[in-house]
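Spelled out from the first residue to the last, the chains are:
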Amino acid sequence: MTIRNFFTTALLAAALTAPVLNLQSAPAATNLTEESRRKEAEMLAVLRSDKPLGEKAIACKMLAVFGSRDAVPDLAALLTNEQLSSWARIGLEAIPGAEADRALRQALGQVNGRLLVGVINSIGVRRDVGAISDLIERLHAADDEVAAAAAVALGRIGGERAAQALTRNLTQGTPSRMPGLAEGCIRCAEGFLADKQAAPAARLYETVRLAAVPKQKQLEATRGVILARGDAGIPLLMEQLKSADLELLAIGLRTARELPGRKATEALAGGLRAFAPERQPRVLLALADRNDAAALPTIVEAARTGSEELRLVAINVLERQGDVSVIPTLLETAGDQNTKLAQAAQASLVRLPGERVEADLLNRLQSAQGKTREVLIRVAGQRQMGAAIPLMVSATEAEEAGVRGAAVQAVGLIGGVAQLEPLVQRMQKTTVAAERDDLETALIAISGRTGAASVPALLPLVHNGQESVRVAALHALAAAGGPEALKVINATAVAEGDDALRDEAVRTLATWPNTWPEDGAIVEPLLALARGGAKTSHQVLALRGYLQYVQGNRNLGQPNKIAAVREVLPLIKRPDEKRLVISVVDSLADPAVVDLLVEFGGDAAVKEDACAALVKLCGRKNSGLDAAVRRKGLEAAAEKTGNEDLRKRARSQAAEI
Amino acid sequence: MQYQNALKAKTAHGLASTSHSPALESRAFSRRRFLRATLQAGAILALPQIVPGAVLGKNGAVAPSERIVLGAIGIGNRGSYVLGCFLEEPDVQFVAIADVKAGRRKAVKDRADAKYGNQDCQTYRDLRELLARQDIDAVLIATGPNWHGLASMLSANAGKDVYCEKPCTKNIVESLALAQTFRRTGRVFQAGTQRRSLPNFAFAVDLAQRGKLGRLHTLHAHPGGLDPKTSGWAEPQTVPDKDDVDWDLYLGPAAYRPFNKGFLDGFNFEKGGGLTGGGCLEWGSHCVDLCQWANSADHTAPVEYEPKGKELHAVYANGVRLVLRNDGWIGLGSCPVRFEGDKGWIETGDDGEIAASSPALLTGKGAKVSGYPANFHVRDFLDCVKTRAHTRADADAACWAHIACHAANISLFLNRQVKYDPVKNEFIGDEAANRLRSEALREPWRI
């Protein structure tokens with residue numbers, strides 16, 4: 001469960017305790033346009049005709065948008081029609097004015113069973129005060145469904161008279177009537193709350209809470225009583241949170257998030273440790289979701305002491321709820337022996353919001369030592385605190401390996417061209433393999449971000465005495481990209497001498513990362529290596545790199561891609577490269593591609609790949625290939641493939657051409 | 001642009017492993033390593049932390065008291081997938097399926113019984129029978145959208161927590177009723193908008209919310225079509241046996257029409273109320289929802305909506321624009337969103353990749369997850385069932401995201417600008433639009 005955005009939670013909390021929404025605003029006076037009038041007349045003509053029921057149904061629906069009181073009689077006449085009653089109510093529920101109310105009321109005496117339930121439901125939606133007597137009468141209907149509908153409709157309409165009727169029946173009713181009556185009472189209470197009448201709302205909720213109603217209604221009433229009572233509801237809230245009944249605990253945890261006010265926060269915070277230990281994390285989460293600053297000391301204390309679970313929850317909460325004051329606690333915990341706690345605390349430090357937080361972290365970093373310094377450097381890097389870069393750079397020379405490693409990583413994360421020189425110097429000095437790897441990663445990261453501007457700073461590494469450093473230089477240069485970097489790497493790839501370094505240079509060219517695949521400058525070196533590389537492996541790698549470039553470059557149009565592939569076809573001997581060619585061309589709708597795939601279909605090693613590509617390419621009706629070419633490709637695939645399913649598909653698609 | 005392409009670059013790592021070059025294996029340099037180094041140096045923790053499972057009692061073996069007993073309502077294609085996500089969770093005990101279609105009831109029972117090695121999964125034609133069971137804690141609702149909202153509210157009223165597929169509601173009033181019902185009942189709700197639980201979308205939203213893009217000014221959502229779809233009345237056909245397909249229950253809250261098997265495609269039936277629904281609801285419930293989240297607008301909706309050519313433009317009260325458009329995306333998979341501020345932009349989609357105006361923005365973007373799995377979202381729901389906290393896509397968030405989609409659809413249906421007051425929940429001086437906020441439910445159903 002994520003600790004939510006507290007800003008959102010705060011707004012939600014306000015919404016949760018706001019007066020109940022009136023789902024159906026009081027209808028306004030009709031102000032429809034002439035166009036609406038015209039449409040209304042059309043729809044009424046349909047209703048008055050002998051047109052099919054389907055057309056009449058849609059007419060009812062359109063009258064919900066365009067109908068006026070003039071449409072009411074025609075719609076009302078359909079309320080007794082089992083097939084069209086629901087459609088008619090779509091219109092009647094929406095049309096403003098007393099006419100529709102009267103029509104629905106009159107229908108109460110004309111329909112029974114489900115149709116009557118529907119009419120009552122619509123009256124409830126329209127909140128027709130004039131129907132209260134009729135609805136009270138139907139609380140005693142023989143049909144439970146009708147009585148429940150009446151109770152809920154009364155609840156929606158609300159007011160003292162409805163409340164009295166519902167309460168009276170609730171205390172005297174039979175079990176089958178309780179769910180509807182309880183729902184009616186609760187909706188009625190919501191209406192009181194919406195009108196800022198907390199006292200009658202609380203009384204009504206309490207009546208339901210103590211009545212023999214279904215458990216869910218009891219829970220809703222419990223929540224309602226607490227919210228309606230406000231601060232006076234706190235004891236009842238705490239009672240739920242301590243309850244052995246898990247359903248009561250559950251409604252307590254939800255309500256604890258809703259009940260507004262500082263006193264509720266204080267009660268929850270002050271009482272936290274009185275709950276059973278296994279319950280404390282959940283109560284703390286609820287407390288945190290209130291987004292009340294008064295809870296902060298309790299959350300900080302929970303982050304320091306208590307069960308591991310409670311501390312983890314508290315630390316997680318602090319990343320959103322905390323401020324500059326919680327930094328010491330989080331820093332201390334980030335150095336804890338318990339790695340779960342330490343990691344959680346560091347993560348919270350990374351996300352802790354506020355400019356004052358960054359200023360405080362920076363200030364601490366200037367004098368920090370040991371583990372704290374390491375944590376602060378990591379946090380500063382991950383927070384992308386540019387102001388901390390000088391401190392990070394100086395820490396790359398620290399005595400402690402942990403601090404140095406954190407510093408190199410942090411500089412790699414946010415450093416720029418200016419930070420390459422100290423990293424390069426460090427790279428030339430270190431003899432520790434792990435540190436060299438960290439430095440290489442940082443150099444690649446910075447070079448990748450800053451591009452060709454980083455090349456001059458990297459060049460000293462190219463001539464370093466250690467091979468691993470020269471390899472790292474190649475990688476960083478490749479990450480930088482650009483003509484100068486390419487020149488250096490290509491020169492290494494074709495130079496006599498260090499064989500392993502040359503291999504790595506070829507490999508780096510073949511996986512040229514920066515500006516790939518738009519960097520067309522890589523083409524010539526790759527083609528040259530593919531044609532005349534010193535080793536077969538160099539030729540193969542270069543060829544593959546070249547084909548990948550062709551495949552990935554969106555700027556190359558279809559004809560250029562085909563031409564580019566054709567240029568290297570004489571060099572392609574191995575099945576692996578042929579497969580790569582197939583993957584490059586299998587979406588290029590061109591007769592030459594079909595010919596090539598047909599040719600590859602004759603090579604036992606790749607025939608299935610070629611046949612599958614032919615079916616993919618030629619099977620598409622809208623591929624752009626003409627019918628004869630498509631048929632040729634599909635027939636070739638059907639003839640050459642050993643896959644029976646593919647053959648069937650090829651033949652079937654050929655037959656459809 | 002080059003940066004976006006680099007992000008999408010296929011790694012060449014595997015290609016280097018040829019039989020001719022064993023010596024080249026040791027210190028492989030690849031585009032993947034380049035990207036990792038460039039974007040993720042250090043152990044970055046950019047996303048909000050989650051409460052450890054230990055807090056929630058799911059450390060390995062699950063005590064009976066911590067087990068969540070689950071039922072399902074309406075399980076077709078999508079539901080089958082999401083149910084699979086639930087069944088993978090060790091603290092879920094699935095016990096019952098309610099579906100109006102016999103074939104689906106049997107398929108789910110067979111699957112559950114095979115998993116548990118018993119015959120205990122109970123089947124129900126009528127969801128009310130399932131909801132009457134006191135032993136069921138939570139339900140997965142994956143009916144067609146016609147039933148989503150009503151079934152969710154019936155479930156909450158019956159004391160169940162709810163994971164419901166989207167779109168969750170048919171109109172504005174139903175959206176408000178959904179939120180209010182879950183407040184009233186104290187039940188946990190999770191809309192099936194699983195992208196809220198996926199790292200690429202969460203990362204993009206986090207950047208927007210934390211001001212890393214500067215002052216937000218425009219949010220882009222891909223609605224997957226802006227055409228309204230109308231569910232009407234079709235030629236009557238022979239009504240199947242009630243046990244095979246319960247047509248009356250299938251119609252549920254939708255106005256009556258005679259049986260026609262063409263309507264049994266529950267995916268589209270009565271979506272968005274059957275008058276103004278369609279693509280905007282189908283995909284907007286995801287991508288508009290993500291824009292709402294990015295704009296910290298889970299408690300409100302845009303105040304103006306206007307069709308503009310092939311697009312729909314909306315404006316929030318804070319001045320941020322929301323653009324619903326089908327074209328012009330970078331190509332990062334389905335359901336893309338794009339957030340733009342005065343200091344940068346970020347765009348992501350279902351393939352899990354993220355493109356941004358600057359590589360620095362992508363620091364700490366974390367592991368790529370593509371294919372929009374629902375597992376994380378399901379887990380979030382289950383955890384919240386235990387803590388009673390609000391889920392990532394709770395009823396309020398779903399309510400307002402859906403209101404935004406419904407209001408957009410109403411603007412499209414009326415083919416003009418409409419202005420919405422999210423406090424009063426009414427269109428301003430616009431009776432036609434206001435009448436489209438709700439629709440009567442067929443008897444005996446109510447919300």
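These numbers come from a predicted model, not from an experiment. (Residues numbered from 1 in each chain as written. Chains lettered and ligands numbered in written order. Predicted model: local features only at pLDDT ≥ 70, side-chain atom pairs only at ≥ 80, totals over all residues. Heavy atoms only, no water.)

**Considering the overall build of chain A**
No. 1: Helix and strand counts for chain A stand at 39 helices and zero strands.
No. 2: For chain A, contacts bridging at least 24 residues in sequence account for 63% of all contacts bridging at least 6. (Helix = DSSP H or I, 4+ residues; strand = E, 2+ residues; numbered from the N terminus. Contact = heavy atoms within 4.5 Å.)

**What to know about the overall build of chain B**
No. 1: Check the secondary structure of chain B and you find 13 helices and 15 strands.
No. 2: Looking at chain B residue by residue over its 447 residues, the buried ones come to 68%.
No. 3: In chain B, 69% of the contacts between residues at least 6 apart in sequence involve partners at least 24 apart. (Buried < 20%, exposed > 50% of the residue type's maximum accessible area, 1.4 Å probe, protein only.)

**Describing unusual backbone geometry**
No. 1: Note that the residue after Lys 166 of chain B, namely Pro 167 of chain B, is joined by a cis bond; omega there is -10°.
No. 2: Position of Pro 167 of chain B among the secondary structure elements: in the loop between strand E5 (161–164) and helix H7 (172–185).
No. 3: Glu 443 of chain B connects to Pro 444 of chain B through a cis peptide bond whose omega is 5°.
No. 4: Note on placement: Pro 444 of chain B falls in the segment after helix H13 (431–435).
No. 5: Even without a glycine there, the phi angle at Asn 291 of chain A is positive, about 55°.
No. 6: Mapped onto the secondary structure, Asn 291 of chain A falls in the loop between helix H17 (280–289) and helix H18 (296–304).
No. 7: The exposure class assigned to Asn 291 of chain A is partly exposed, which follows from its relative accessible area of 29%.
No. 8: The phi dihedral of Tyr 372 of chain B is positive, around 35°, even though this residue is not glycine.
No. 9: By the secondary structure assignment, Tyr 372 of chain B is in the loop between strand E13 (354–356) and helix H11 (375–387).
No. 10: On the basis of relative accessible area, Tyr 372 of chain B is assigned to the partly exposed category, the value being 30%.

**Digging into the packing of aromatic side chains**
The geometry of an aromatic ring pair comes down to the distance between the two centres and the angle between the two planes.
No. 1: In the structure shown here, the tally under the stated rule is twelve aromatic pairs over all chains.
No. 2: A centroid spacing of 6.3 Å and a plane angle of 45° characterise the contact between Trp 87 of chain A and Trp 233 of chain B, whose relative ring orientation is tilted. Taken together, the positions of Trp 87 of chain A in helix H5 (residues 85–94) and Trp 233 of chain B in the loop between strand E7 (216–221) and helix H9 (247–251) put the pair across two chains.
No. 3: Judged by its relative accessible area of 0%, Trp 87 of chain A falls in the buried class.
No. 4: With 4.9 Å between their ring centres and 65° between their planes, Tyr 420 of chain B and Phe 427 of chain B make a pair best called edge-to-face. (Phe/Tyr/Trp six-rings, centres within 6.5 Å; stacked < 30°, edge-to-face > 60°.)

**Brief notes about the sheet that holds E13 of chain B**
Residues and elements named next belong to chain B.
No. 1: Across the sheet, nine strands lie side by side as E13-E12-E11-E7-E10-E9-E8-E14-E15; this open sheet has mixed pairing. Two strands close off the open sheet at either side, each with one partner strand: E13 and strand E15 (426–427).
No. 2: The sheet strands contacting helix H8 (residues 199–209) are E7, strand E11 (337–341), strand E12 (344–348) and E13, and the helix crosses E12 at an angle near 165°. (Pairing = 2+ DSSP bridges. Axes fitted to C-alpha atoms, helices over the stretch in contact; angles between N-to-C directions.)

**Some points on the side chain of Thr 396 of chain A**
No. 1: If you trace the backbone, Thr 396 of chain A turns up in the loop between helix H24 (389–395) and helix H25 (401–414).
No. 2: With residues up to four places along the chain from it excluded, the contact list for Thr 396 of chain A reads Arg 404, Ala 407, Val 408, Val 411, Leu 423, Arg 426 and Glu 435 of chain A.

**A closer look at the packing of helix H33 (residues 536–552) of chain A against helix H35 (residues 575–585) of chain A**
Residue and element names in this part refer to chain A.
No. 1: Relative orientation of the contacting elements H33 and H35 amounts to 10°, with a least axis distance of 9 Å. In this view, H33 runs roughly parallel relative to H35, as classed from their interaxial angle. Residues Val 540, Leu 543, Arg 544, Leu 547, Val 550 and Gln 551 of H33 form the contact with H35, whose participating residues are Asp 576, Glu 577, Leu 580, Val 581, Ser 583 and Val 584.
No. 2: Across the contact of H33 with H35, the residue classes break down as seven nonpolar, two polar and three charged. (Parallel < 35°, antiparallel > 145°, perpendicular 65-115°, else oblique. Nonpolar A, V, L, I, M, F, W, Y, C, P; charged D, E, K, R; others polar.)

**Side note on the pairing of strand E8 (residues 304–308) of chain B**
All names here are of chain B.
No. 1: Only one face of E8 is buried, namely the one carrying Tyr 305 and Pro 307, since none of Glu 304, Glu 306 and Lys 308 on the opposite face is buried.
No. 2: Where E8 and strand E9 (residues 311–315) come together, five bridges link them in antiparallel fashion. Across the sheet, Glu 304 pairs through a bridge with Val 315, a residue of E9.
No. 3: The hairpin formed by E8 and E9 contains two residues between the paired strands, and Gly 309 there has a positive phi angle of roughly 60°.
No. 4: As paired strands, E8 and strand E14 (residues 418–421) are joined by two bridges and run antiparallel to one another. Of the residues in E14, the one forming a bridge with Glu 304 is Lys 419.

**Brief notes about the confidence of the model for chain B**
No. 1: Residues with a pLDDT of 70 or more make up 83% of chain B, whose mean pLDDT is 85.
No. 2: Note on residues 39–60 of chain B: pLDDT under 50 across the span, and 75 contacts to partners over four residues away in sequence or across chains. (pLDDT = per-residue confidence, 0-100.)

**So, the pairing of E7 of chain B**
All names here are of chain B.
No. 1: In terms of burial, E7 is largely enclosed, as five of its six residues are buried.
No. 2: Bridge analysis of E7 against E11 gives five bridges, and the strand direction is antiparallel. Bridge pairing in E11 links Thr 218 to Glu 340.
No. 3: Looking at chain direction, E7 and strand E10 (residues 321–324) are connected through four bridges and run parallel. Along E10, the bridge assignment pairs Ala 221 with Leu 324.

**Examining the pattern of salt bridges**
Residues and elements named next belong to chain A.
No. 1: For the structure shown, the criterion picks out 81 salt bridges over all chains.
No. 2: One salt bridge in this structure joins Arg 502 and Asp 499, with 3.1 Å as the shortest N-O distance. Of this pair, Arg 502 and Asp 499 are both found in helix H31 (residues 499–510), three residues apart, which corresponds to roughly one turn of the helix.
No. 3: By relative accessible area, which is 33% here, Asp 499 ends up partly exposed. (Salt bridge = Lys/Arg side-chain N within 4 Å of Asp/Glu carboxyl O.)

**Let's talk about the nonpolar core**
Residues and elements named next belong to chain B.
No. 1: Among the nonpolar cores identified, the biggest contains 284 residues, and Tyr 305, Phe 339 and Ile 346 are the most heavily contacted of them.
No. 2: Top contributing element to this core by residue count: helix H12 (residues 395–414), with ten residues.
No. 3: Excluding anything up to four places from it in sequence, Tyr 305 contacts Leu 312, His 313, Ala 314, Ile 403, Ala 404, Ala 407, Ala 408, Ser 411, Arg 416, Gln 417, Val 418 and Tyr 420.
No. 4: Of all hydrophobic cores here, the second largest spans 42 residues; its members include Val 95, Met 153, Val 245 and Leu 251. (Core = buried A, V, L, I, M, F, W, Y, C linked by side-chain atoms within 4.5 Å.)

**What about the sheet that holds strand E3 (residues 122–124) of chain B?**
All names here are of chain B.
No. 1: Judged by pairing direction, the sheet is parallel, and its six strands sit side by side in the order E3-E2-E1-E4-E5-E6 without closing on themselves. For this open sheet the edge positions go to E3 and strand E6 (189–191), each flanked by a neighbour on one side alone. With direction set aside, neighbouring strand axes in the sheet form an average angle of 20°.
No. 2: Across the face of the sheet, helix H3 (residues 77–87) comes into contact with strand E1 (68–73), strand E2 (92–98), strand E4 (138–141) and E5 while running at roughly 150° to E4.

**A few points about the packing of helix H23 (residues 370–382) of chain A against H25 of chain A**
The relative placement of two packed helices is expressed as an angle between their axes plus a distance between the axes.
Residues and elements named next belong to chain A.
No. 1: Packing of H23 against H25 leaves a shortest axis separation of 8 Å and a crossing angle of 10°. Between H23 and H25, the crossing angle belongs to the class labelled roughly parallel. The segment H23 lies against H25, with Gly 370, Arg 373, Glu 374, Ile 377, Arg 378, Ala 380, Gly 381 and Gln 382 engaging Gly 402, Val 403, Ala 406, Ala 407, Gln 409, Ala 410, Leu 413 and Ile 414.
No. 2: Its residues assigned to classes, the contact of H23 with H25 comprises eight nonpolar, five polar and three charged.

**Regarding the environment of Ser 411 of chain B**
Residues and elements named next belong to chain B.
No. 1: As for its position among the elements, Ser 411 is in helix H12.
No. 2: Ser 411 sits in the buried class, given a relative accessible area of 0%.
No. 3: In this structure, the C-alpha to C-alpha distance between Ser 411 and Glu 304, residues 107 residues apart in sequence, is 9.2 Å.
No. 4: Setting aside residues up to four positions removed in sequence, Ser 411 forms contacts with Tyr 305, Glu 306, Pro 307, Leu 312, Arg 416, Gln 417 and Val 418.

**Considering the confidence of the model for chain A**
No. 1: For chain A, per-residue confidence averages 91 on the pLDDT scale, and residues scoring 70 or more make up 94% of the total.
No. 2: Taken as a whole, residues 1–29 of chain A scores under 50 in pLDDT and shows 80 contacts with residues more than four places along the chain or in a different chain.

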